[in-house]
Amino acid sequence: QGQGLFGCREDLRSGDPYRMEDRDSPEFKEKQVTEIRNLFIKDCQISGGVNTGAVMGGLWNFFQEDFGTINIENCHVTGTISAGGSSGGIVGSASSVKNSSFQGAIVSNGSVGGIAGEVYYVDRCYVRGQVKGNNQAGGIGGTAVCVRNSYCIGTVEGYCGVGGITGWGSCITGCYTRADVSGYSRTGGLIGD
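Residues numbered from 1 in each chain as written. Predicted model: local features only at pLDDT ≥ 70, side-chain atom pairs only at ≥ 80, totals over all residues. Heavy atoms only, no water.

A. Spotlight on the overall build of the protein chain. Counting secondary structure elements, the protein chain contains one helix and 19 strands. Evaluated residue by residue, the protein chain yields a buried proportion of 50% over its 193 residues. With an accessible surface of roughly 8,600 Å², the protein chain has 46% of that area assigned to carbon and sulfur atoms. (Helix = DSSP H or I, 4+ residues; strand = E, 2+ residues; numbered from the N terminus. Buried < 20%, exposed > 50% of the residue type's maximum accessible area, 1.4 Å probe, protein only. Areas by Shrake-Rupley, 256 points an atom, 1.4 Å probe, with all protein chains shown as cover.)

Written as structure tokens, this is what we have:
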């Protein structure tokens, strides 16, 4: 689990990760932001469990804001990834991914996206290749709340919640896909669910 050039992050506070008394301090807020920029990973071959991506595994607790923010920008990957849920060509789970690309193949037995398995915001990203998963499989994001100015070319396969851009999401602007999309239920050219 937690495979990538950088692994996963739960919480950057020192000491007991369940202590919340310092949550409102400026130091805590500064430590809770991870920024990864300007990387190129060529011909990667990665296999892992939950939270796997070429650049970073991501956040362990994606839906809990207390565990911080991960922003990825200008990262480009080629290669193959075989992983468990919450897996992506760039990152397993993150807050935002901008101006990044994945070219290759990614296969997951859970939520999967060409850019990210789970992500809040994606802008100016593209995928060329194959994305294959189970539930929430998308060309850009398995679960991607908002995707802008991005595209996918290739194939996207899954079982439920399968889309050319995102398997599950709510906001798509300025995106297109030329992917062959196939799934059993809740399948769409742009959004599955």
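B. Region of interest: the nonpolar core. Core analysis: the largest hydrophobic core is formed by 38 residues, its most contacted members being Val55, Ile72 and Val97. The element that contributes the greatest number of residues to this core is strand 5 (residues 69–83), accounting for six residues. When sequence neighbours within four positions are dropped, the list of residues in contact with Ile72 reads Ile36, Val55, Ile90, Val91, Ser96, Val97, Lys98 and Ser100. (Core = buried A, V, L, I, M, F, W, Y, C linked by side-chain atoms within 4.5 Å. Contact = heavy atoms within 4.5 Å.)

C. Representation of the packing of aromatic side chains. Summed over the entire model, instances satisfying the criterion amount to three aromatic pairs. Taking the centre distance of 5.0 Å and the plane angle of 10° together, the rings of Tyr151 and Tyr176 count as stacked. A residue pair is termed long-range when its members are at least 10 positions apart, and Tyr151 in strand 14 (residues 151–157) and Tyr176 in strand 18 (residues 176–182) qualify at 25 residues. Owing to a relative accessible area of 17%, Tyr151 belongs among the buried residues under this scheme. Looking at Tyr176, the relative accessible area reads 41%, which means it is partly exposed. (Phe/Tyr/Trp six-rings, centres within 6.5 Å; stacked < 30°, edge-to-face > 60°.)

D. Representation of unusual backbone geometry. Located in the positive-phi region is Asn38, a residue other than glycine, with phi close to 60°. Of note, Asn38 is situated in strand 2 (residues 33–47).

E. Fine view of the sheet that holds strand 6 (residues 87–88). Taken in spatial order, the six strands of this open sheet run 3-6-9-12-15-19, and their pairing is parallel. Two strands bound the open sheet, and with one partner strand each, they are strand 3 (52–53) and strand 19 (185–188). As defined by bridge partners, strand 12 (residues 135–138) adjoins strand 15 (residues 160–163) across three bridges and the pair is classed as parallel. Within the sheet, the bridge partner assigned to Asn135 lies in strand 15 and is Cys160. (Pairing = 2+ DSSP bridges.)

The analysis is restricted to geometry; functional conclusions fall outside its scope.
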